[in-house]
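Next come the chains, spelled out residue by residue.
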Amino acid sequence: LAKTTQPISMDSYEGQEVNITCSHNNIATNDYITWYQQFPSQGPRFIIQGYKTKVTNEVASLFIPADRKSSTLSLPRVSLSDTAVYYCPGGTGFQKLVFGTGTRLLVSP
Amino acid sequence: DSGVTQTPKHLITATGQRVTLRCSPRSGDLSVYWYQQSLDQGLQFLIHYYNGEERAKGNILERFSAQQFPDLHSELNLSSLELGDSALYFCASSAAWTVSSGNTIYFGEGSWLTVV
């Protein structure tokens, strides 16, 4: 069963825009794409969710192309407090519940 | 506060022992999930229950078991504990039985288990 693929880690500086891309090669027609954020020693929390095109909330934007085979989480003007692990779980069957290692984002001053 | 409550927050026990972790889902949520997170590994999915019935199994060891009770709270039982079982165990809940169609998962703060 295939699951999503995302970079293991990314580095950025305060004030920059960060884009994290996730591949969803086996996404089902009715599946939404959801991103979660996890700080050290805390449980992951919901950031943003979308089905297609673009979604924006107070925290981030989510871009989903027409074929829905990928998604890009965009964090505008990151700060030190955005240092966290970001997950895009998905896949077929129980793989939808697999969070894996996520993308570890480190924001430096 | 996600609304998911886990107890105990911290637990230290010896190898070979058995422990039980407890989870109360958000009010109204019928699905409960258990995850394990070690220092060097990602968030590993263990098991999913919906309204008392097991729905999906992930990388759960045979020494581990779980159940969801009629009041919807859940317990994760870990037996014959080994040093490698030391980890942060998360419980999560959601309203529906599937995470498709926009169903969001809400995580608790976790239970830290240290096996010595």
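For the structure given in this document, a descriptive report is provided here. (Residues numbered from 1 in each chain as written. Chains lettered and ligands numbered in written order. Predicted model: local features only at pLDDT ≥ 70, side-chain atom pairs only at ≥ 80, totals over all residues. Heavy atoms only, no water.)

1. Quick notes on the sheet that holds strand β3 (residues 19–24) of chain B
Residues and elements named next belong to chain B.
No. 1: Pairing is antiparallel in the open sheet, where four strands are placed in the order β1-β3-β8-β7. Whereas interior strands pair on both sides, the edge strands pair on one side only; in this sheet they are β1 (5–7) and β7 (64–68). Looking at each pair of strands side by side, their axes are set apart by 15° on average, direction ignored.
No. 2: With five bridges joining them, β7 and strand β8 (residues 74–78) adopt antiparallel strand pairing. For S65, the partnering residue across the bridge sits in β8 and is N77. (Pairing = 2+ DSSP bridges. Helix = DSSP H or I, 4+ residues; strand = E, 2+ residues; numbered from the N terminus. Axes fitted to C-alpha atoms, helices over the stretch in contact; angles between N-to-C directions.)

2. Here we look at the state of the cysteines
Here, disulfide denotes a covalent bond that connects the sulfur atoms of two cysteines.
No. 1: Considering all chains together, one arrives at two disulfides over all chains under this definition.
No. 2: Across the disulfide from C22 of chain A sits C88 of chain A; the S-S distance is 1.9 Å. Across the S-S bond of C22 of chain A and C88 of chain A the torsion is about 85°, and the bridge reads as right-handed. Of the two residues, C22 of chain A is situated in strand β2 (residues 18–23) and C88 of chain A in the loop between β8 (84–87) and β9 (103–108); the sequence distance between them amounts to 66 residues. Like C88 of chain A, C22 of chain A is buried.
No. 3: Bridging C23 of chain B to C91 of chain B, the disulfide has an S-S length of 1.8 Å. On the S-S bond that ties C23 of chain B to C91 of chain B, the torsion sits near -60°, and the link is left-handed. Linking C23 of chain B in strand β3 with C91 of chain B in strand β9 (residues 87–94), this pair joins segments that are 68 residues apart in sequence. (Disulfide = S-S within 2.5 Å. Buried < 20%, exposed > 50% of the residue type's maximum accessible area, 1.4 Å probe, protein only.)

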